[in-house]
Amino acid sequence: MSDPVGILGFGGYVPRLRLSRGAAVEANGWFNRGLGSLAKGERSMANWDEDSVTMAVEAARDCLNGARPEDIAAVHLASTTLPFDDRQNAGIVAEALNLPEAIQTMDLAASQRAGTTGLIAALDRAAGTDGKTLFLAADRRRSKAASPQELQFGDGAAALLLGRGRTVADLLGSHQVAADFLDHYRGGDARFDYGWEERWIRDEGYLKIVPKTVAALLDKAGVDAAAIDHFVMPSTIAAVPAKLAKQLGIPEATVADTQFSSMGEAGAAHPLLLLAHTLERAEPGQTILLVGWGQGCDALLFRTTDALRAARPRRGIAASLEAGHTITNYNRFLAFNDLVEHEHGIRAEFQIKTPPSALYRNRDMVTGFVGGRCRSCGTVQFPRAHYCVNPNCGALDSQAPCPMAEMPATVQSWTADKLTYSPDPPTHFGMIVFAEGGRLMADMTDVDEGGVAVGMPVRMVFRVKARDADRGFTAYFWKAAPDDTRVARATD
Amino acid sequence: MAKGIKDKVVILGMGCSPFGEHWDKNADDLIVDAFTECLADAGIERTQIDAAWFATAIEEGHVGKTAVPLGVALRLPFIPITRVENACASGTEALRGAVYSVAAGAADIALAVGVEKLKDTGYGGLPQRTRGAFNDMYFANASAPGSFAQLATAYAAKHRVDPADLKRAMAQISVKSHDNGAKNPKAHLRNPITIDKVLNAPMVAEPLGLFDCCGVSDGAAAAIVTTPEIAAALGRTGDQVSIKALQLAVSNGSEASYNAWDGTYLETTRQAATRAYAEAGIDRPREAVSMIEVHDCFSITELVTMEDLYLSDEGRAWRDVLDGAFNADGRTPCQIDGGLKCFGHPVGASGLRMVYEMYLQLLGRAGERQLSSPEIGLTHNLGGWPHLNVASIAILGKL
């Protein structure tokens, strides 16, 4: 019998910004007094230059932790908020990660269950092939101003590397139930969800559909409910996971925190994000039950292995949750989520058009941040060019592709520019110098006024460069962000 | 090194329109203003011009492409006209073309014209434009002040200058230029200002405030050049202003991509200055150069340029500035006409405007701001950003 299929690595990403729910309630409570019950804690909030693709890239980098496994055979991306309806989003992620081109890329969408359903399918795939699957889920959630969803939702992403071999958690089994239960839906042309009554969702939905799914799984796997060590299930209705645990005979202490108070619910990514968070804390030999919800139910059962002790994401969910920056100005949330028509000023009229032909031939540099390394003198440089930039070398056509995204760098010079148009002025940029060689006058992100200094360590992150509203295009490139392993908690 | 251009070409005449917000003028009106003065000064007929060079940088805002707009504005008789563009250094490019054609003997008399009509963009500062398909995909979202502000943060860090001291030196640069500009009837901004006003102005790009940034203006400038022999044959007597050096250095991407440049100076300016001093036969610039007009697009640009032109020691320019070395009564008067800061910056015209001031000063025609018997003037014209740019330097003196 071959090795069991399971999880080889895990990671995730919670955006740095957190909207203070209290600030949102203060702004909207006059209109909807019912929001007061949701005023505690924070929700994660994507920066203006983040979307489901960029967050998926960060989650994947967290999972891979600097490794570039050559045997990744598939990248699957699950999301209900993909930036492109018809341009494969997983393909953008794969190019940003510089994965080999002989790879299966696939988007999964259209349900909150896309994360867990996709995970089951990806594990099935991994069972039948030798290569590894990088399974990603991300959501930058949409909600109307002054809605409860605005307070319940959060933005984030998760990543799991799946396959056989040195697994940190083996799949014991899975079970799925499909039921066209409309707790909410979002029509094809609609920006926002339409939801139904919470009591009906709880009593007819969660409390009936989840138990039969889980029971069938436990039965199939021959695992007793009392033997579950971690019950991982998102729910925006606070009492539901504990109620279900009780109903199913799962010890109540095993119910994983949904992180509602720290980040809210990150849609299709949330079950996987909670799973990754659980794996950070779990011990070898423990049993994890993961439940995903959305027009039915997915249940997966994992058992952790001894390899879990050595497995570490680059930064991990716990650290990501820890290092937030609290936003108390609700207007920023409105602006970043396009919920208010802002006067952007005349400089915003100029929109950069991306020619697909130019993007395609330069895509490893633009999407993958691959520079060149001179074979003659070793100089790293961006962009790659025919002649080596080293004045003492100047060799022609000497440069091998050199991925630079993971290279540590520092700030040589910087400014906070209030003149150029930015959705989040002032825009910071500066000369970023890579320790191994190479430099770039780069946009900076996730920085606050007064937060940049010469010599500051930075890390490159894949972000939205510009949105071309006229053509519905999102242009991506890499920006410098403060080294997030050194970032402390802050409030604006 | 090639023999160079020294004393092969003289300026027969120059003209410059007032710079400013000319709401009532098109580009051709500005061209004609500058040209009319220039032609009268040269004392020749329009039809005696053999060839022309036409500089403008942001052509989509006013005249469009090609050299045709100059031919049409002046109804030139189907002569060769070359359109040149090197960003904010375009004006000096026009002069270079005209001077070289005369030196080569390809033209007896050549015209250089630079113009920019910027005040139809609807906002202050330079317009947002594409920088090329691939560049747009990775260049930072940078304004011009943001790009030059980097000089200040890098300079303060490298030379361990307290940012407050540097900010004060930068303020002194702008105060000096406003003092000078107030004496220039053609200048865009003619109001003296105080250090405190500069220090308290709104921030544009940290640490550059509003008064660290030059004006954005409409304007045109023109020069007619010929050989000393032809000038004499035309009956020109008295002092003649001669081109002693004309140099251009263009970035090759090393500042932007190779980890040698520290971001506190302009490599191009240093290269062009070294070559220009050699071409002009100047060994000791601090003693030889009587006056300068430099590319003070931002106060910090002027400050580091003092070091790049070898007029201040590295890391010392901020002190020299505060000591008044570059004031009108200082060691090397700088921006006697108000500079880009106050004369204004109609991009394509600026290089020729700088030469115009040197020309007037050398001939003793600078009016209220006339320096006492200057011998050598230097202009420094920059285009682009500190990490990717062109720098041109002209040295002028009496024949």
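Residues numbered from 1 in each chain as written. Chains lettered and ligands numbered in written order. Predicted model: local features only at pLDDT ≥ 70, side-chain atom pairs only at ≥ 80, totals over all residues. Heavy atoms only, no water.

Enquirer: What's the story with the domain arrangement of chain B in this structure? I'm lost.
Expert: It is common to report an interface's size as the accessible area lost on association of the parts. All names here are of chain B. For chain B, the domain assignment lists domain 1 (10-123 + 218-233) and domain 2 (142-214 + 245-398). Averaged C-alpha coordinates put domain 1 and domain 2 at centres separated by 24 Å. Of the residues lining the interface, 41 residues belong to domain 1; the matching set on domain 2 comes to 27 residues. Summing the contributions of domain 1 and of domain 2, the shared interface buries around 2600 Å²; its carbon and sulfur component is 70%. Put simply, domain 1 and domain 2 have two salt bridges between them. Linking domain 1 with domain 2 are eleven residue pairs in polar contact (both at pLDDT 80 or more). Taken together, the elements giving at least two residues each to the side of domain 1 that touches domain 2 come down to β1 (10-16), α1 (27-42), α3 (90-104), β4 (109-116) and β7 (219-226). Sort the elements by how many residues they give to the side of domain 1 that touches domain 2 and α3 lands first, with nine residues. Residues of the side of domain 1 that touches domain 2, tallied by class, amount to 23 nonpolar, eleven polar and seven charged. (Domains from an automatic or database assignment. Contact = heavy atoms within 4.5 Å. Buried area = accessible area lost by both parts, 1.4 Å probe. Salt bridge = Lys/Arg side-chain N within 4 Å of Asp/Glu carboxyl O. Polar contact = N/O pair within 3.5 Å; in protein donor to acceptor, adjacent residues only side chain to side chain. Helix = DSSP H or I, 4+ residues; strand = E, 2+ residues; numbered from the N terminus. Nonpolar A, V, L, I, M, F, W, Y, C, P; charged D, E, K, R; others polar.)

Enquirer: Quick question: what am I supposed to make of the domain arrangement of chain A here?
Expert: Residues and elements named next belong to chain A. Once the domains are mapped, chain A shows domain 1 (5-336) and domain 2 (346-369 + 404-491). Using only C-alpha atoms to locate each centre, domain 1 and domain 2 end up separated by 27 Å. With 34 residues of domain 1 at the interface, the matching set in domain 2 holds 34 residues. Carbon and sulfur atoms make up 43% of the surface buried where domain 1 meets domain 2, a total of about 3000 Å² over both sides. Per-residue buried area on domain 1 facing domain 2 is highest for R16, W48 and R61; these three make up 23% of the total on that side. Applying the counting criterion to the domain 1 and domain 2 interface returns ten salt bridges. The residue E50 makes a salt bridge to R463 at a minimum N-O spacing of 3.3 Å. Contributions of two or more residues to the side of domain 1 that touches domain 2 are made by α2 (52-64), α3 (89-96), α9 (316-322), β14 (325-327) and α10 (330-336). Considered class by class, the residues forming the side of domain 1 that touches domain 2 number eleven nonpolar, seven polar and 16 charged.

Enquirer: What is the right way to read the interface of chain A and chain B from this model?
Expert: Counting from both sides, the interface comprises 46 residues of chain A and, opposite them, 43 residues of chain B. Here chain A is connected to chain B by zero salt bridges. Linking chain A to chain B there are 25 residue pairs in polar contact (both at pLDDT 80 or more). When residues of the side of chain A that touches chain B are traced back to their parent elements, those giving at least two are α11 (356-361), α12 (363-366), β16 (380-381), β18 (409-417), β19 (427-434) and β20 (439-443) of chain A. Considering only residue class, the side of chain A that touches chain B consists of 26 nonpolar, 14 polar and six charged.

Enquirer: In this structure, what is going on with unusual backbone geometry? I would like to understand it.
Expert: Across the chain, the bulk of peptide bonds are trans and the bulk of non-glycine residues have phi less than zero. Residues and elements named next belong to chain A. Across the junction of F382 and P383, the peptide omega takes the value -10°, indicating a cis bond. Examined against the element boundaries, P383 turns out to sit in the loop between β16 and β17 (399-403). Even without being glycine, N98 reaches a positive phi, approximately 55°. By the element assignment, N98 lies in the loop between α3 and β5 (104-108). Overall, the relative accessible area of 18% leaves N98 in the buried class. (Buried < 20%, exposed > 50% of the residue type's maximum accessible area, 1.4 Å probe, protein only.)

Enquirer: Hey, could you run me through the nonpolar core in this one?
Expert: One broad rule of soluble globular proteins: the nonpolar side chains tend to lie buried together. Residues and elements named next belong to chain A. Residues V75, L134 and F369 are the most contacted members of the largest nonpolar core, which totals 80 residues. The biggest single contributor to this core is α2, with eight residues. Structurally, this core is a two-domain feature, drawing no fewer than three residues from each of domain 1 (5-336) and domain 2 (346-369 + 404-491). In contact with V75, not counting residues within four places along its chain, are A90, V93, A94, L99, I103, Q104, T105, M106, L134 and L136. (Core = buried A, V, L, I, M, F, W, Y, C linked by side-chain atoms within 4.5 Å.)

Enquirer: I would appreciate a short explanation of α2 of chain A in the present structure.
Expert: All names here are of chain A. The end-to-end C-alpha distance of α2 is 18 Å, a good match for the 18 Å that 13 residues give at a rise of 1.5 Å each. Across the 13 residues that make up α2, a large majority, 13, are buried. Backbone nitrogen of V53 and a side-chain oxygen of the N-cap are separated by 2.9 Å at the start of α2; the cap is D51. In the stretch just after α2, N65 is the one whose phi turns positive, near 50°. (Expected span 1.5 Å × (residues − 1).)

Enquirer: Got a minute to help me understand the sheet that holds strand β11 (residues 388-398) of chain B in this structure?
Expert: For sheets, the rule is that strands pair by backbone hydrogen bonds, running either parallel or antiparallel. Residues and elements named next belong to chain B. Strand order in this open sheet of nine strands is β3-β2-β4-β7-β1-β8-β11-β10-β9, and the pairing throughout is mixed. Two strands in the sheet have a free side with no partner beyond their single neighbour: β3 (81-84) and β9 (291-293). Between one strand axis and the next, the sheet turns by 25° as a mean value, whatever way the strands run. Two strands pair when backbone bridges link them, and β1 and strand β8 (residues 241-250) are joined in this way by two bridges, in the antiparallel orientation. In the sheet register, V10 faces β8, and the bridge partner there is S242. Strands in contact with α1 are β1, β2 (51-55), β4 and β7; relative to β1, the strand with the most contacts, it is inclined by about 140°. Against the sheet, helix α15 (residues 350-362) engages β1, β4, β7, β8, β9, β10 (376-385) and β11, with an angle of about 115° to β1. (Pairing = 2+ DSSP bridges. Axes fitted to C-alpha atoms, helices over the stretch in contact; angles between N-to-C directions.)

Enquirer: Please explain helix α6 (residues 163-181) of chain B as it appears in this structure.
Expert: In an α-helix, one turn spans 3.6 residues, which is why side chains three or four residues apart end up on the same side. Residues and elements named next belong to chain B. For α6, which comprises 19 residues, the first-to-last C-alpha distance of 27 Å matches the rise-based estimate of 27 Å (1.5 Å per residue) to within 8%. Along α6, 14 of the 19 residues are buried, which leaves the element largely enclosed by surrounding structure. At the N-terminal boundary of α6, the capping side chain belongs to D162, with an oxygen 2.8 Å from the backbone nitrogen of A164.

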